[in-house]
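Coordinates in review
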Amino acid sequence: MKKLLVFLGKNIVWDGSRDKRTIKIGKLDDNDIVLQDSRVSRNHAVIVKEGGTFYVYDNGSTNGTYLNNKRLPKKIRRELSEENKIFISPYTLNCKILQEIDEHQGTRVEPLDDAVEDAFHYGSMLGKSEAMLKVYDQIQKVAKERDPVLIRGESGTGKELVAWEIFTSGNRVDKPYVAINSGAIPKTLLLSELFGHEKGSFSGADARKIGKFEEAHGGTLFLDEIGDTLPETQIALLRVLQDGVFYRIGGREEIRVDVRVISATNQNLEQLIDAGKFREDLYQRLSVYTIMLPPLRERGEDIDLLAQHFLRQYASERSGSIPLITPAAMERLRTFPWPGNVRQLESVMKRTLLYKGDHSPIDVQDLDLDDVRQPFAEQILKNPTRPQFIKILEEVNWNTRKAATLLGVTTKAVQNKANRYGIKLREIKKHGYKPE
């Protein structure tokens, strides 16, 4: 067991005898370490203890927090070694971590409190692994630039969250943010969605339509699943990225826009380029900056954090009582391969709470893993029951086209089966799935 001592000069301002998981530093009197100076923010920095390790992070201060002469990025934690210096102008806090013998061994994993969880948030993202810290650093580096960003990663890794954090951390946060999922729109209609059309330009064009690029003028446009675009759409995208101009379908007026483009894909674009399905010049334009999102199986230490986060979230929505999870169950989660990544983990925790009938700690047998997508058994794909069909839809984020590909049927067949099972796809896509 580790104990933290914090010195200000020769005085001990924190002796570790108080069993707290968060140590707040600032000039307000309700902080654990009070530094009364005009250069210190009210809630300047936080030291947290998690899993026997101490971390420090800047809590959005005005003048910054320095760890061993290096300024900390805001809201990104850094691990404390045995001896450290934390500089908060004009104060220097000397920190020492001592080893103590722990005579007690726990039999369950305690849920995180809000302050500890907050220490590992980056906006709407959650993670403390080195892989995710690298992503957070990349977001900060590209956020205030004008050039396009390409976000790559497997399905369910959180690419749309990264896009949002780039936007909210950038210079265009007070401008429009428009998101479009290229894979969820029929490819033949995507060109009209992006660039708009004039009245009468094709059958069914009863009025002028403003496209997403015009809606996003001055701001940011997020193009998800960019690999699912047709050649004519790719040509139009290339031109607007190069010159900032385009025409509506059926239009003669050249429209000029100022839009920062963030795109994302789970596909191997290099293979698509080799196969002649994706333009290499467009790829070069989109990938001025590239952020690679790690799969959940490579974020081992984040699985505990995310699992408990989802437990807190969905238990609070259902009953307000947050169950504990046994070490054996947590180890099962850590060793599971998670082909659906964070989205799959979220679905598993939600279903586990739904099917568990009491408030006892969650054990291995309670986890509703069901080895989803590893792959689905052939008999399930041929004739899924309603719960199995819901699991399939959850794993593809309610994308009927992807579900159809997985099941080997048409999108119409997926919609018909959803109707037979009383699953209202349109409402779920708008408001999210709420288990009965």
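See the structure above.
Parameters and conventions
- Residues numbered from 1 in each chain as written.
- Predicted model: local features only at pLDDT ≥ 70, side-chain atom pairs only at ≥ 80, totals over all residues.
- Heavy atoms only, no water.
- Helix = DSSP H or I, 4+ residues; strand = E, 2+ residues; numbered from the N terminus.
- Polar contact = N/O pair within 3.5 Å; in protein donor to acceptor, adjacent residues only side chain to side chain.
- Axes fitted to C-alpha atoms, helices over the stretch in contact; angles between N-to-C directions.
- Contact = heavy atoms within 4.5 Å.
- Nonpolar A, V, L, I, M, F, W, Y, C, P; charged D, E, K, R; others polar.
- Parallel < 35°, antiparallel > 145°, perpendicular 65-115°, else oblique.
- Expected span 1.5 Å × (residues − 1).
- Buried < 20%, exposed > 50% of the residue type's maximum accessible area, 1.4 Å probe, protein only.
- Core = buried A, V, L, I, M, F, W, Y, C linked by side-chain atoms within 4.5 Å.

Quick notes on the side chain of asparagine 341
When you line up the elements, asparagine 341 lands in helix 11 (residues 341–355). Here glutamate 154 takes part through its side chain, which lies 3.2 Å from a polar atom of the side chain of asparagine 341.

Section: the packing of helix 11 against helix 13 (residues 386–395)
The N-to-C vectors of helix 11 and helix 13 enclose an angle of 145 degrees; their axes lie 9 Å apart at closest approach. Residue-level contacts link Arg343, Gln344, Ser347 and Arg351 of helix 11 to Lys391, Glu394 and Glu395 of helix 13. Among the residues forming the contact of helix 11 with helix 13, the class breakdown is no nonpolar, two polar and five charged.

A look at the packing of helix 14 (residues 400–407) against helix 15 (residues 411–420)
At their nearest, the axes of helix 14 and helix 15 sit 8 Å apart, and the two run at 100 degrees to each other. With respect to each other, helix 14 and helix 15 are oriented roughly perpendicular. Residues Thr400, Arg401, Ala403, Ala404 and Leu407 of helix 14 lie in contact with helix 15, whose contacting residues are Thr411, Val414 and Gln415. Along the lines of polarity and charge, the residues of the contact of helix 14 with helix 15 split into four nonpolar, three polar and one charged.

Here we look at unusual backbone geometry
A cis amide bond, omega 5 degrees, links serine 89 with the succeeding residue proline 90. Position of proline 90 relative to the elements: it lies in the loop between strand 10 (83–88) and strand 11 (91–99). Phi is positive for asparagine 69, close to 75 degrees, though the residue is something other than glycine. A positive phi angle is found at tryptophan 338, which is not glycine, with a value near 50 degrees.

Examining helix 2 (residues 130–142)
Here helix 2 is 13 residues long and its end C-alpha atoms lie 19 Å apart, about the 18 Å a rise of 1.5 Å per residue gives. Among the residues making up helix 2, those that are buried are Met132, Leu133, Val135, Tyr136, Ile139 and Val142.

What about the nonpolar core?
If you look at the biggest cluster of nonpolar residues, it comprises 29 residues, and the most contacted ones within it are Leu333, Trp338, Leu345 and Met349. Of all elements in the fold, only strand 5 (45–50), strand 6 (53–58), helix 9 (300–318), helix 10 (327–335) and helix 11 reach the threshold of two or more residues within this core. Leave out the neighbours within four places in its chain, and leucine 333 touches Ile303, Ala307, Ile325, Trp338, Leu345, Met349, Leu367 and Leu369. Leu194, Ile226, Leu241 and Phe278 belong to the second largest nonpolar core, which has 28 residues in total.

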